[in-house]
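# Descriptive analysis of the structure
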Amino acid sequence: MIKAPTFGEFIMDRQAEFPFVTGQLTRLLTDIGVAAKIVNQQVNRAGLTNILGASGATNVQDEQQQKLDVFADDAFMRILSSGKSVCGIGSEERDGYVLCGDQGEGRSGKYIVLIDPLDGSSNIDVNVSIGTIFSIVRRVTPLGEPLQDQDFLQAGTAQVAAGYVLYGSSTMLVYTTGHGVHGFTFDPGVGEFFLSHPDMVFPERGATYSINDAVKAKSNQATQDFIDTCREAVDVGFRGRYIGSLVADFHRNLIHGGIYLYPSTSDKPEGKLRLLYECAPLAWLAEEAGGQALDDHGRILDRVPKSLHERTPYYVGNRHLIDALQTCRKALCGGGQGTGLT
Ligand code: AHM
Ligand code: MG
């Protein structure tokens, strides 16, 4: 039997793909794998320990934090900030960014991490898949100087690594450094992530649309028209699937083909999802896997954030499905005609 490489072995072997490599990114990705194992262990035992339910606190977005949200945030913060590679961390669960390093000023370490430690909070208590999403960029402020806001507020095109961990029927870590998208499945008996999905790409055609139906009713006209067109295509195999955990919905669509939509709505013109912690990293994975990701105006990866917790409307998935959505935006769709959907 041939042993598949572990996540650690794989990123070590791929280290040479980076110009001027010092090993810091490899160490950082290794640390993400370690933190993911710690969070995975708590997620798996959640019903047996006193870790389900609300923590009693609210985060910066005024959302109630779950105990597991807080645990995951602490685990990633502790592990990432104790390595030598990271100078600053922005987390969906925290007001401002955290500066790392000896004096806590972010003077050393080349990399900034932006993370949603546990995405899909509403699914935690009901034993449905949840995930972690991470994005890594290089600092722009020179080494030795304190970090500035602009180190954190970089466009998605500046990412050097991005990925997610899916705590599902099995636990998977999926990542890219711009050289393909690779997936690793956790073997709990061995305690390692093993390469199981090398070079992941969207299938050529997808037939799944993922949207919160209650949100659809308040969304922009193009999104409503597009979803109606998908529904009309039921006879040719179109289906709606919505878990309500972005990582799980994205992962399913990546494997089977599909589109995920969290649109702008009349009451939330900025949408719900966070640009830096959720949308940009998954947008890069989508593009690396042959798909596309847009907001209401253009490519997600080109957007330069103005604030850490900025939200954005989000549309991500197979290239032909995003193209079909664009056709609806030009007011050209209706009755499944002329959209290129099928
Ligand atoms: P969270 O970061 O507070 O968990 O919110 C993000 C989640 C996504 O995982 C999911 O796709 C979406 O919110 C679901 O929102 P809704 O319940 O409005 O459909
Ligand atoms: Mg989230």
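Here is a short report on the structure shown in this document. (Residues numbered from 1 in each chain as written. Chains lettered and ligands numbered in written order. Predicted model: local features only at pLDDT ≥ 70, side-chain atom pairs only at ≥ 80, totals over all residues. Heavy atoms only, no water.)

### A few points about the overall build of the protein
- Each helix and strand in the protein was counted, giving 9 helices and 17 strands.
- Taken against the 2.2 N^0.38 rule, which gives 20 Å for 342 residues, the C-alpha radius of gyration of the protein at 20 Å falls within 12% of a compact globule.
- Judged by the C-alpha coordinates and their principal axes, the protein covers about 60 × 50 × 45 Å.
- When burial is assessed residue by residue, the protein has 55% of its 342 residues classed as buried.
- Counting only contacts in the protein whose residues sit at least 6 apart along the sequence, the fraction spanning at least 24 positions is 66%.
- For the protein, the separation between the mean place of its 30 positive charges and that of its 40 negative charges on side chains is 1 Å. (Helix = DSSP H or I, 4+ residues; strand = E, 2+ residues; numbered from the N terminus. Rg over C-alpha atoms; globule rule 2.2 N^0.38 Å. Buried < 20%, exposed > 50% of the residue type's maximum accessible area, 1.4 Å probe, protein only. Contact = heavy atoms within 4.5 Å. Lys, Arg positive; Asp, Glu negative; His and termini not counted. Charge placed at Lys NZ, Arg CZ, Asp CG, Glu CD.)

### Looking at the packing of helix H1 (residues 7-14) against helix H2 (residues 24-44)
- For the pair H1 and H2, interaxial distance at closest approach is 10 Å and the crossing angle is 165 degrees. Here H2 runs roughly antiparallel to H1, going by the angle between their axes. Pair H1 / H2 crosses with right-handed handedness. In contact with Phe 7, Ile 11 and Met 12 of H1, H2 contributes Thr 26, Leu 29, Thr 30 and Gly 33.
- Split into classes, the residues belonging to the contact of H1 with H2 amount to 4 nonpolar, 3 polar and no charged. (Axes fitted to C-alpha atoms, helices over the stretch in contact; angles between N-to-C directions. Parallel < 35°, antiparallel > 145°, perpendicular 65-115°, else oblique. Left-handed = near helix turned anticlockwise from the far one by under 90°. Nonpolar A, V, L, I, M, F, W, Y, C, P; charged D, E, K, R; others polar.)

### Some remarks on the site of ligand 1
- Taken together, 17 residues are adjacent to ligand 1, and Asp 119, Tyr 242, Leu 246, Tyr 260 and Tyr 262 come closest.
- Between ligand 1 and Asp 119 there is a distance of 2.6 Å, counted from an oxygen atom to a side-chain nitrogen or oxygen.
- In the environment of ligand 1, an oxygen atom lies 2.9 Å from a nitrogen or oxygen atom belonging to the side chain of Lys 272.
- Against a free-state accessible area of 470 Å², the protein chains account for coverage of 86% of ligand 1.
- If you list the elements that add at least two residues to the shell around ligand 1, you get strand S5 (111-119), strand S13 (259-262) and strand S14 (273-274).
- Tallied by class, the residues present in the shell around ligand 1 amount to 5 nonpolar, 5 polar and 7 charged.
- For the shell around ligand 1, the domains that each give at least three residues are domain 1 (7-197) and domain 2 (208-331). (Near = heavy atom within 4 Å. Polar contact = N/O pair within 3.5 Å; in protein donor to acceptor, adjacent residues only side chain to side chain. Areas by Shrake-Rupley, 256 points an atom, 1.4 Å probe, with all protein chains shown as cover. Domains from an automatic or database assignment.)

### Brief notes about the coordination of the magnesium ion (ligand 2)
- Distances from the magnesium ion (ligand 2) to its protein donors, namely Asp 116 (OD), Asp 119 (OD) and Glu 278 (OE), fall within the range 1.9 to 2.0 Å.
- Between consecutive donor residues of the magnesium ion (ligand 2), the sequence gaps follow D-x2-D-x158-E. Note on accessibility: Asp 116 and Asp 119 belong to one class, buried. (Donors = N, O, S within 2.8 Å, 3.2 Å for Na, K, Ca; no water.)

### Focus on helix H7 (residues 246-256)
- Of all 11 residues making up H7, 9 are buried, and the element is well covered by its neighbours.
- For H7, every residue scored as buried is listed here: Leu 246, Val 247, Ala 248, Asp 249, Phe 250, His 251, Arg 252, Asn 253 and Leu 254.
- A positive backbone phi angle near 95 degrees is found at Gly 257, which sits one or two residues after H7.

### Examining the packing of aromatic side chains
- Throughout the structure, instances matching the rule amount to 10 aromatic pairs.
- With centroids separated by 6.1 Å and ring planes inclined at 40 degrees, the aromatic side chains of Tyr 175 and Phe 184 adopt a geometry described as tilted. Across the pair, exposure class does not vary: Tyr 175 and Phe 184 are buried alike.
- Through a chain of ring-to-ring contacts, three or more aromatic side chains come together here, namely Phe 7, Phe 10, Tyr 175 and Phe 184.
- Directly above the aromatic system of Tyr 315 lies the positively charged group of Arg 329, at a separation of 4.8 Å from the ring centroid. (Phe/Tyr/Trp six-rings, centres within 6.5 Å; stacked < 30°, edge-to-face > 60°. Lys NZ or Arg CZ within 6 Å of the ring centre and 35° of its normal.)

### Structural notes on the sheet that holds S13
- Strands sit in the order S12-S11-S13-S17-S15 across an open sheet of 5 strands; the sheet is mixed. Of all the strands in the sheet, just strand S12 (239-240) and strand S15 (292-294) have a single pairing partner and so form its edges.
- Pairing of S15 with strand S17 (residues 314-317) involves 3 bridges; the strand directions are antiparallel. Bridge pairing in S17 links Leu 294 to Tyr 315. (Pairing = 2+ DSSP bridges.)

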